[in-house]
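Understanding the architecture of this molecule
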Amino acid sequence: MWLLMLPALVPVLLFSVGPLLYGIGLAFTDARNVRNHETAFVGLENLVELLGAADFWSSFRIGLIWAVSVTVLQFLAALGLALLLNENLRFRGVARVLAVVPWAMPPVVIGLMWKLVYHPDAGILNSLLGTDVNWLADFSLALPAIIVVGVWTGMPQTTVVLLAGLQGIPKELYEAGEVDGAGRWRRFWNITLPQLRPVIVAITSLDFVWNINQFGLVYVLTQGGPGGQTRLPMLFAYEEAFRYRFAGYASMLGLAMAIVVLAVLGLYLWRQMREAR
Amino acid sequence: MRRLSQYVALVAYIVFLAFPLVWLLSTALKTPQEMALADPTWIPREPTLANFADAFGEQDLVGAAVRSLGVALASSLITVLISLPAAYAIARHRGLVNRIAIGWVLVSQVFPFILIIIPLFMILRDLELVNTLPGLVVVHVTFTLPFALWMLQGYVRAVPPELEEAAAVDGATRLRSIVKVVAPLLAPGVVATLLFAFISSWNEFMFALVILQNPDVMTLPLTLVRFTGPEGVARLGPLAAASLMATIPSLIFFAIIQRRLKSGLMAGAVKG
């Protein structure tokens, strides 16, 4: 039994569990990501510095706006699409195929593709709207612009999971509802949503975690610009660790984000469970 | 009336999902002269395949594709080889190990990559594996492993243990019953997991960005990003063409495993 586990256990311990613990340890040191640096234990110094840094708070705020709005919009859009796909409509097949394409695409290609859409000269968006805007370089428009891309990218998984959930709701419930004279809306509120609840809680939690840890897509789209307006926490941490080489500081940032995510998730799941009872 | 509004909504979704893809295709088929025009159009006036040929000249795309292919093949094969025995153990012996494994799958989703990539980078540097493809393979295997394990143990569980017991009654050894009875039933699941691991590695950008800094060893996603740089409009055509080509393997493989992936994700979503 343990012999069977061994081949998988060794790499996970060596390159995943080990580094994770090491990384948590690094957060309490002044480690630099350079050769021949004498690393010293500094206690909570990194945390103090982090909490006093204005650029951390602005990145944190942007990260929360991004993660919450993408997760919520993703969910609403995906629920709408899943409900439509669950109906017997024509062209449903087309939508079904299109709905999973973003899932398979490399995030880098998604980023580049949307850069072409948003391109100030050769992009289709300006030509459609008759505007002359440099979407991804505009201080107030860059964040909304990447949020749209985030929703586009993450909709497939959410739609697929919600659709599977919808198809798992027993038909008898709807028939009973109809007998009791419940209209479409009442059936949606009183049957569909409560029945779907465990699936909704699971997928929105996952979406939130994936979104707040997002890196590649936004790195390709804006590199965090303009002026840090789209610098999500992970882009901030990446710059600190691999451009300025403050490994200890960046690790503390990662640890702080992990704690925030766990806290948000814990609160959300706890509330959902209490309400479900 | 209700039907009508449903169709309007469905069409709106199709437009939203499709228009960036159509634009990518349209850009890939345009001549540099047309790209420079003030008012871009959906349908290229003189569609050309020249961008696809030009893409190969712009950067070392062929080399990057070969490297990506190598990394993806190596990491998907290794991932499945080492997770298959573990998946069998987890599926057949419920209990503590099972719970720890599932817990790790979830934890690995929550922790931000930066916490792992910094120490991992330092470890790989000490092992002289930074800027090497084996270094990237190690990282891809480690990070695909939890989900691969999760998928595979689901497939093992779907094979009734009674079949193995029956084989044992007929005098087959444990190993023989696994090879002769379990393996054939497991084959489609193994293929699905292989393809999933392949796509994950082929598409992966973040770890590659940190580990491969030398342009001579960069994988396809990194090379595509280098395309952009201080961009002239003329280069957008080849960029779009290269992006399309880089997507093809993932799309084909994904189409094959789509159904199986759905059920895998559902199992995770409900039990998680």
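Described below are features of the structure shown in this document. Values in this document were obtained by computation on a predicted structure and should not be read as measured data.

Moving on, we come to the interface of chain A and chain B. The partner chain B presents 81 residues to the 91 residues of chain A that form the contact. Area buried by chain A at its contact with chain B is led by A:F15, A:L20 and A:L116, which between them contribute 8% of it. Put simply, chain A and chain B have one salt bridge between them. For B:R3, the salt bridge is made with A:E87, and the minimal N-O distance between the two is 3.4 Å. The interface formed by chain A and chain B contains 10 residue pairs in polar contact (both at pLDDT 80 or more). Among the elements that make up the side of chain A that touches chain B, the one with the highest residue count is helix 1 (residues 2-26) of chain A (17 residues). Looking at the side of chain A that touches chain B residue by residue, the classes come out as 69 nonpolar, 14 polar and eight charged.

What follows deals with the packing of aromatic side chains. Taken as a whole and judged by the stated rule, the model has 23 aromatic pairs over all chains. Ring geometry for B:F147 and B:F196: centres 4.8 Å apart, planes at 45°, overall tilted. Of this pair, B:F147 sits in helix 7 (residues 133-157) while B:F196 sits in helix 9 (residues 174-203), and the two are 49 residues apart along the sequence. Taking the relative accessible area as the measure of exposure, B:F147 reaches 19% and is therefore buried. Among the aromatic residues, ring-to-ring pairing joins A:F215, A:Y219, A:Y238, A:F242, B:F113, B:F121, B:F143, B:F205 and B:F207 into one connected group. Against the face of A:F246 rests A:R32, its NZ or CZ located 4.3 Å from the ring centre. Here the guanidinium or amino end of A:R274 rests over the ring plane of A:W270, the centre of that ring lying 4.7 Å away.

Conventions and cut-offs
Residues numbered from 1 in each chain as written. Chains lettered and ligands numbered in written order. Predicted model: local features only at pLDDT ≥ 70, side-chain atom pairs only at ≥ 80, totals over all residues. Heavy atoms only, no water. Contact = heavy atoms within 4.5 Å. Buried area = accessible area lost by both parts, 1.4 Å probe. Salt bridge = Lys/Arg side-chain N within 4 Å of Asp/Glu carboxyl O. Polar contact = N/O pair within 3.5 Å; in protein donor to acceptor, adjacent residues only side chain to side chain. Helix = DSSP H or I, 4+ residues; strand = E, 2+ residues; numbered from the N terminus. Nonpolar A, V, L, I, M, F, W, Y, C, P; charged D, E, K, R; others polar. Phe/Tyr/Trp six-rings, centres within 6.5 Å; stacked < 30°, edge-to-face > 60°. Buried < 20%, exposed > 50% of the residue type's maximum accessible area, 1.4 Å probe, protein only. Lys NZ or Arg CZ within 6 Å of the ring centre and 35° of its normal.

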